[in-house]
Amino acid sequence: MRLWLFTTLVLLLALFHHARADAKGRFERVTVVVPGATAEIQVTDPELLDFFSFSRFPDQRLAAAPAIAIQAYIVTRGAYTPDGVFRAFDRLHYYPSSAPGAPGHVYYDGLVNGWSEYDKQWYRASPQGDRAMSRFIAMQALRAHGGRP
């Protein structure tokens, strides 16, 4: 019992310390790795800084893995420590929909330094996350073709 209580307390403290979220559960930094790339791109869209930006865990959980024929965007979310070091909180894979009007999908890898009941599961992407990621993807395509945002 004491071990369970201690572990729960440590996880809650880690969550509070690493996320340093405001009342709405916002991250300080979100980065995305575009399919086929290795460099992280920092996201500035405020719609992607909320904890539930990509999916409403657990409400949008899928019973089985979807059939996906597109590469994922790897998303890392986190916050800065008081000394200015970025600490990743969690990671997920975002798969945009290949069908117009259909939602994308999210594979939630989970907490970086811990675990949760949402880890390693598939979810339907939220409309907010789909819209924001569509803007991000369009901006990256524009930059790749020599355009400016």
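Residues numbered from 1 in each chain as written. Predicted model: local features only at pLDDT ≥ 70, side-chain atom pairs only at ≥ 80, totals over all residues. Heavy atoms only, no water.

Scanning the protein for helices and strands turns up two helices and six strands. Seen in sequence order, the protein has helices and strands lined up from the N terminus as α-β-β-β-β-β-β-α. For the protein, contacts bridging at least 24 residues in sequence account for 52% of all contacts bridging at least 6. Of the roughly 9,100 Å² that the protein leaves accessible, carbon and sulfur atoms contribute 60%. (Helix = DSSP H or I, 4+ residues; strand = E, 2+ residues; numbered from the N terminus. Contact = heavy atoms within 4.5 Å. Areas by Shrake-Rupley, 256 points an atom, 1.4 Å probe, with all protein chains shown as cover.)

Across soluble globular proteins, you tend to see nonpolar side chains buried next to one another. Phe-54, Tyr-94 and Met-133 are the most contacted members of the largest nonpolar core, which totals 22 residues. At the level of secondary structure, the elements contributing two or more residues to this core comprise β1 (29-33), β3 (73-80), β4 (86-95), β5 (105-111) and α2 (127-144). (Core = buried A, V, L, I, M, F, W, Y, C linked by side-chain atoms within 4.5 Å. Buried < 20%, exposed > 50% of the residue type's maximum accessible area, 1.4 Å probe, protein only.)

Taking a probe equal in size to a water molecule and rolling it over the atoms shows the remaining empty space. Empty space within the second largest pocket amounts to approximately 160 Å³. For the second largest pocket, the full set of lining residues is Ile-41, Gln-42, Val-43, Thr-44, Asp-45, Leu-48, Ala-132, Arg-135, Phe-136, Met-139, Gln-140 and Arg-143. Sorting the residues of the lining of the second largest pocket by element identifies β2 (40-43) and α2 as the ones contributing at least two each. Considering each element in turn, the lining of the second largest pocket owes the most residues, six residues, to α2. (1 Å grid on protein atoms, 1.4 Å probe; cavity = no way out; pocket = protein on both sides within 12 Å on 5 of 7 lines; lining within 4 Å. Points joined across faces, edges and corners; volume = space filled by probe spheres on them.)

Spatial ordering of the open sheet is given by β2-β1-β3-β4-β5-β6, a layout of six strands whose pairing is antiparallel. On the outer flanks of this sheet lie β2 and β6 (121-124), each paired with one strand and no other. Averaged over neighbouring strand pairs, the angle between their axes works out to 30° when direction is ignored. Where β1 and β3 come together, five bridges link them in antiparallel fashion. Of the residues in β3, the one forming a bridge with Val-32 is Val-75. (Pairing = 2+ DSSP bridges. Axes fitted to C-alpha atoms, helices over the stretch in contact; angles between N-to-C directions.)

Take the packing of aromatic side chains next. Summed over all chains, the structure comprises 13 aromatic pairs. A cation sits over an aromatic face here: Arg-29 above Phe-86, 4.2 Å from the ring centre. One cation-aromatic arrangement involves Arg-77 over Phe-51; the distance from NZ or CZ to the ring centre is 5.0 Å. (Phe/Tyr/Trp six-rings, centres within 6.5 Å; stacked < 30°, edge-to-face > 60°. Lys NZ or Arg CZ within 6 Å of the ring centre and 35° of its normal.)

Turning our attention to the environment of Leu-92. One can find Leu-92 in strand β4. Owing to a relative accessible area of 0%, Leu-92 belongs among the buried residues under this scheme. Look past the residues within four positions of Leu-92 in its chain and what remains in contact with it is Phe-54, Tyr-73, Ile-74, Val-75, Arg-77, Val-106, Tyr-107, Tyr-108 and Asp-109.

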